[in-house]
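Secondary and tertiary structure notes
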Amino acid sequence: MNKKFSLDMYHFTGSDTAFKHWISPLRYTEGVRYLAEETESYWLIDTIAFVIFPRLLKENKDWFYSIEFSVNRNGSAVMSVSDGNGNMYLKHSIKWTDFPYIEKPVKFFLCESEVYYCLMLPSEY
């Protein structure tokens, strides 16, 4: 991920549109869509929708989750989910990813609205 991409990603504030995931009840914002398009990683949204989200609802039902996605130099990655206050809910390891190596984790918030959960960048919260 180049520096320009990192800066562009965080200019998203708020969101007028919540895109519906193709099969999950999860929604995601314009900033998350931009990230997925720029890195060709819609699989990241799918992983959250199919692996992380159902597990959270089953094991740690809450209205707010903080997700950090870290990519290692060897191509592996880790997705960590907490309550945003240091209480860890789960970690999900990914053996290999084509997501670009990054120095800092990509952060997301997953928040419950009145009728659905929405995945967003912290700047869109």
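Our structure is the block above this text.
The structure displayed is predicted, hence computed values, not measured ones. Along each chain, numbering runs from 1 in the same order as the chain's sequence is written. Under the rules for a predicted model, residues below a pLDDT of 70 receive no local features and side-chain atom pairs below 80 are neither given nor counted, while totals for whole chains, interfaces and linings still include all residues. Neither water nor hydrogens contribute to the side-chain values; these are computed over all heavy atoms in the structure.

A closer look at the pairing of strand β3 (residues 64–71)
- The buried count for β3 comes to six of eight residues, which makes it a mostly enclosed element.
- Here β3 runs beside strand β6 (residues 106–112); their pairing, made up of six bridges, is antiparallel. Note that in β6 the partner of I67 across the bridge is F108.
- A strand pair is defined by DSSP finding two or more bridges across the two strands. Per the convention used, a helix needs a DSSP run of H or I reaching at least four residues, while a strand needs a run of E reaching at least two, with both numbered from the N terminus. Across six bridges, the pairing between β3 and strand β4 (residues 77–82) is antiparallel. Bridging across to β4, S66 finds its partner in S82.
- Here β3 hands over to β4 after five residues, with G75 in that stretch at a positive phi of 95°. A 1.4 Å probe rolled over the protein chains alone gives each residue an accessible area, and that area as a share of the maximum for its type sets the label: buried under 20%, exposed over 50%, partly exposed in between.

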